[in-house]
Amino acid sequence: MSDSQGSLVPLLKWMNKVPGGAMLIPLVLGSILGTFAPAALDIGSFTTALFKDSAMPLIALLIFATGTQVTLRTSGPVLATTGVVLLGKSIIPGLLIIALAMVTGPEGVLGISIMAMLAAATNANGGLWLALTGQYGRTKDRGAYIAGAINDGPFFALLFIGASGLGQIPFLTLVAAIIPFLLGVLVGNLDSQWRELLTPVPAIVIPFFAFALGTGINLADVARGGLSGVLLGVAITLVTGGLVYLGYRFLLRRGKESGIGFAAGTASGNAVATPAIIAAADPSFLSYAGTATTQVAASVLVTALLAPLVTTWVLRRAGAAPAEAERAEIAEQHKADSGSATDGPDQEETRS
């Protein structure tokens, strides 16, 4: 039996009933397949290309498409939003964790070392941020993915732990991460038709790159992280997401839409490698590296599950619908542009 729209099985409708479901469900399915049947994804050709190796190119396409939606009029808000995300997601959490270390030492609390806290808390899952802001946010929110290009990896963790000289991100790496976005901005401002063409890209690519990202999450590592890893993930979503929420509410003054800030309360998959990098920079942390790695792996999955739920709950509780509001704004702008385009010499002559 088909639904009212002709679907034999309304898979998309079911997915959208889950907060962040277009990202979350493929992510979980990918992690299950990647853990229990990884060889199925290595048969080659288009199967491997789409379902295992597509995350980076598809995220790059999403970043380019996001750039096309940023006009000169909205570039200021994008930069302001990026600054708030970096402040709440990386800088303030890093300072708070170092302050805690002054009291507890490198052991941390509840079996979670300072190394694990820094590795997981000072970076964000840029793909999940783009997915959530694509579904619930505005262009200026999606444009703030630039924060993820800056805080991804061990840079902030090494900086706060006192080994910043070893944690420098190569300049070309940072440039390469930003170029697709800048090119998108250029193309979108030169040709509004390209902006319109790429508007539906988020809805198309998010489920596919989410599945590919999930294949890199090993559920065995998540299990080894145990309760302490789960607690770390919950703390990351509530504390770092909460800090970005406060920035949205009191610095950006987004009102009901401030719940988008909780979408930053995630840990990047790249954070799993950060404990080993810290231990290489400072051997005194070597004894913590193994446990920290499993805890961070657990926090990556926990935050990927929890952040969409919290973001959606806070937005709905506040009665916010930023994506719908933005679509209405875009429609009004297109209507105004069409009106001005048809308002040619004949109309001017008629009015005169």
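Residues numbered from 1 in each chain as written. Predicted model: local features only at pLDDT ≥ 70, side-chain atom pairs only at ≥ 80, totals over all residues. Heavy atoms only, no water.

Q: Run through the overall build of the chain, naming residues and quoting values.
A: The number of helices and strands found in the chain is 18 helices and 0 strands. Considering the chain as a whole, with its 352 residues, one finds that 47% of them fall into the buried category. In the chain, once contacts between residues fewer than 6 apart in sequence are set aside, the share between residues at least 24 apart is 81%. Summed over all atoms, the accessible surface of the chain reaches about 17000 Å², with 68% contributed by carbon and sulfur. (Helix = DSSP H or I, 4+ residues; strand = E, 2+ residues; numbered from the N terminus. Buried < 20%, exposed > 50% of the residue type's maximum accessible area, 1.4 Å probe, protein only. Contact = heavy atoms within 4.5 Å. Areas by Shrake-Rupley, 256 points an atom, 1.4 Å probe, with all protein chains shown as cover.)

Q: Break down helix α14 (residues 219–251) for me, citing the residues and quoting the values.
A: Compared with an ideal rise of 1.5 Å per residue, which puts 33 residues at 48 Å, α14 spans 38 Å between its outermost C-alpha atoms and falls more than 12% short. Of all bends in α14, the biggest is about 100 degrees, found at Gly226. Looking at the residues trailing α14, positive phi occurs at Arg253, about 55 degrees. (Expected span 1.5 Å × (residues − 1). Bend = angle between axes of the 7 residues up to and from the residue.)

Q: So what's going on with the pattern of salt bridges? Residues and values would help.
A: Summed over all chains, the structure comprises 4 salt bridges. The closest approach of N and O atoms between Asp42 and Lys52, which form a salt bridge, is 2.6 Å. Placement of Asp42 in the loop between α2 (21–36) and α3 (45–51) and of Lys52 in the loop between α3 and α4 (55–68) is noted, with a sequence separation of 10 residues between them. On the basis of relative accessible area, Asp42 is assigned to the partly exposed category, the value being 45%. (Salt bridge = Lys/Arg side-chain N within 4 Å of Asp/Glu carboxyl O.)

Q: I'd like to hear about the packing of α4 against helix α13 (residues 201–214), residue by residue, with values.
A: In contact at an axis separation of 9 Å, α4 and α13 are set at 155 degrees when each is read in the N-to-C sense. Taken together, the axes of α4 and α13 are roughly antiparallel relative to one another. The interaxial crossing formed by α4 with α13 has left-handed handedness. Note on element contacts: α13 touches α4 through Val201, Pro202, Val205, Ile206, Phe208, Phe209, Ala212 and Leu213, opposite Ala55, Leu58, Ile59, Leu61, Leu62 and Ala65. Across the contact of α4 with α13, the residue classes break down as 14 nonpolar, no polar and no charged. (Axes fitted to C-alpha atoms, helices over the stretch in contact; angles between N-to-C directions. Parallel < 35°, antiparallel > 145°, perpendicular 65-115°, else oblique. Left-handed = near helix turned anticlockwise from the far one by under 90°. Nonpolar A, V, L, I, M, F, W, Y, C, P; charged D, E, K, R; others polar.)

Q: Just give me the short version of the packing of helix α6 (residues 114–121) against α14, but keep the residues and values in it.
A: In a pair of packed helices, the angle between the axes and the distance between the axes together describe the arrangement. Relative to each other, α6 and α14 sit at 50 degrees, their axes nearing to 10 Å. Judged by the inter-axis angle, α6 sits oblique to α14. Crossing geometry of α6 relative to α14 is assigned as right-handed. On α14, the residues that touch Ala116, Met117, Ala120 and Ala121 of α6 are Leu232, Ile236 and Thr240. Looking at the contact of α6 with α14, its residues break down into 6 nonpolar, 1 polar and no charged.

Q: Any details on the environment of Ile32? Residues and values, ideally.
A: Topologically, Ile32 is positioned in helix α2. A residue is classified by how much of its surface remains accessible, and Ile32, at 39% relative accessible area, is partly exposed.

Q: Any details on the packing of aromatic side chains? Residues and values, ideally.
A: Throughout the structure, instances matching the rule amount to 2 aromatic pairs. Note on Phe51 and Phe211: the rings are 5.7 Å apart at their centroids and 75 degrees apart in plane angle, and the pair reads as edge-to-face. Of the two residues, Phe51 is situated in helix α3 and Phe211 in helix α13; the sequence distance between them amounts to 160 residues. On the basis of relative accessible area, Phe211 is assigned to the buried category, the value being 15%. (Phe/Tyr/Trp six-rings, centres within 6.5 Å; stacked < 30°, edge-to-face > 60°.)

Q: Help me get a handle on unusual backbone geometry, residues and values and all.
A: If you check the backbone angles, Ser45 has positive phi at about 55 degrees while not being a glycine. Mapped onto the elements of the fold, Ser45 is located in helix α3. Classification of Ser45 as exposed rests on a relative accessible area of 61%.

Q: Pulling in residues and values, what's your account of α13?
A: One turn of the α-helix equals 3.6 residues, which is why residues spaced by three or four share an orientation. The end-to-end C-alpha separation of α13 is 20 Å, in line with the 20 Å expected for 14 residues at 1.5 Å each. Against the buried residues of α13 lie α2, α3, α4 and α7 (126–136).

Q: Describe the side chain of Thr68, naming the residues involved and giving the relevant values.
A: Here Thr68 shows up in helix α4. Ignoring sequence-local partners within four residues, the contact set of Thr68 consists of Gly184, Val185, Gly188, Arg195 and Leu198.

Q: Let's hear about the confidence of the model for the chain: which residues, and what values?
A: Put simply, the chain has an average pLDDT of 79, and 82% of its residues get 70 or more. Helix α18 (residues 345–351) is the least confidently modelled element of the chain, averaging 46 in pLDDT, while α3 averages 90, the highest of any element. Low confidence marks residues 163–169, where pLDDT is under 50. Its contacts with residues over four positions away, or in another chain, come to 13 contacts. Confidence drops under a pLDDT of 50 for residues 347–352, and excluding neighbours within four residues, the segment shows 3 contacts in the predicted structure. (pLDDT = per-residue confidence, 0-100.)

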